[in-house]
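# Coordinate inspection notes
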Amino acid sequence: MELPTPELHTARLRLRPFTDADAAPLYALHSSAHVLRYWDSPPWTEPLRAQRFITACRTIEEEGTGARVAVDRLSDGAFIGWCGLTGWNPDYRSASLGYVFDAAAWGHGYATETAHAVLRWAFDILDLNRVQAETDTRNAASARVLEKLGFVREGTLREDCVVNGDVSDSWVFGLLRREWHPTAGR
């Protein structure tokens, strides 16, 4: 069952399916050690990785297991990051949320605004009952984004990631349909 990637709009952002033209800015985003310091894999060192990511976005759409959207700022059309739902399970009505934003976009509420739009789509259109997210325990900014959106920290995955020899823990967050408030995090 295919899951078409939505095009969503907020007051300041356009969320849309990835295109091949996104390869260069996507590579710039994912090759930044600063941006990915809390990510579960090292920064990209080969531009081809960006095209493989875009292909994977199309694959999860075709397989019906998720959707990832590119995020453009409306004021200048700049690509500032992406957000996605993966592991979509229509039987369990669940999926996992993830996002990455350029460092220049941090602190402006874009991650919260983007995730809010994706969650609205997830609960209203996909009829999800649960959305899960994980973040490195050192990533206080990402934890704040999730908490603003109504996510509850449910536990800690101890030493679940080893990236470039650096061992880290992750927090698991969950948001249930009955706890979702469409006005939260806006």
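Quick caveat: nothing in here was measured; it's all calculated off a predicted structure. (Residues numbered from 1 in each chain as written. Predicted model: local features only at pLDDT ≥ 70, side-chain atom pairs only at ≥ 80, totals over all residues. Heavy atoms only, no water.)

### Looking at the overall build of the protein chain
- The helix and strand inventory of the protein chain stands at 4 helices and 8 strands.
- Along the protein chain, helices and strands appear, N-terminal first, in the series β-β-α-α-β-β-β-α-β-α-β-β.
- For 186 residues, the compact-globule formula gives about 16 Å, and the C-alpha radius of gyration of the protein chain, at 16 Å, lands near that figure.
- Expressed as lengths along the three principal axes of its C-alpha atoms, the size of the protein chain is roughly 40 × 35 × 35 Å.
- Across the protein chain, the fraction of contacts at a sequence separation of at least 24, relative to all contacts at a separation of at least 6, is 62%. (Helix = DSSP H or I, 4+ residues; strand = E, 2+ residues; numbered from the N terminus. Rg over C-alpha atoms; globule rule 2.2 N^0.38 Å. Contact = heavy atoms within 4.5 Å.)

### Concerning the packing of aromatic side chains
- In the structure shown here, the tally under the stated rule is 8 aromatic pairs.
- An aromatic cluster is built from Phe 18, Trp 39, Trp 44, Phe 53, Phe 79 and Trp 82, whose rings are joined through pairwise contacts.
- Arg 153 extends its terminal NZ or CZ atom over the ring of Trp 171, reaching a point 4.2 Å from the ring centre. (Phe/Tyr/Trp six-rings, centres within 6.5 Å; stacked < 30°, edge-to-face > 60°. Lys NZ or Arg CZ within 6 Å of the ring centre and 35° of its normal.)

### Structural notes on helix 3 (residues 110-124)
- Here helix 3 is 15 residues long and its end C-alpha atoms lie 21 Å apart, about the 21 Å a rise of 1.5 Å per residue gives.
- Where burial is concerned, most of helix 3 is hidden: 13 out of the 15 residues are buried. (Expected span 1.5 Å × (residues − 1). Buried < 20%, exposed > 50% of the residue type's maximum accessible area, 1.4 Å probe, protein only.)

### A few points about the side chain of Ser 170
- Within the secondary structure, Ser 170 sits in strand 8 (residues 166-176).
- Among the polar contacts listed, one links the side chain of Ser 170 to the side chain of Asp 160, at a separation of 3.0 Å. (Polar contact = N/O pair within 3.5 Å; in protein donor to acceptor, adjacent residues only side chain to side chain.)

### A look at the UniProt feature "domain: N-acetyltransferase" (unreviewed entry) in the protein chain
- Mapped onto this numbering, the UniProt entry annotates "domain: N-acetyltransferase" (unreviewed entry) at residues 13-178.
- Overall, residues 13-178 shows 29% helix and 37% strand. The separation of its end C-alpha atoms is 27 Å. (UniProt positions renumbered as here; feature names shortened; annotations may be inferred.)

### Here we look at the sheet that holds strand 1 (residues 8-9)
- Ordered by their spatial adjacency, 8 strands build an open sheet running 1-2-3-4-5-6-8-7, and the pairing between neighbours is mixed. Each having just a single partner strand, strand 1 and strand 7 (152-163) make up the two edges of the open sheet.
- Docked against the sheet, helix 1 (residues 23-30) engages strand 4 (79-89) and strand 5 (94-101), running at close to 85° with respect to strand 4.
- Packing of helix 2 (residues 48-63) onto the sheet brings it into contact with strand 3 (67-73) and strand 4, and relative to strand 3 it is tilted by some 125°. (Pairing = 2+ DSSP bridges. Axes fitted to C-alpha atoms, helices over the stretch in contact; angles between N-to-C directions.)

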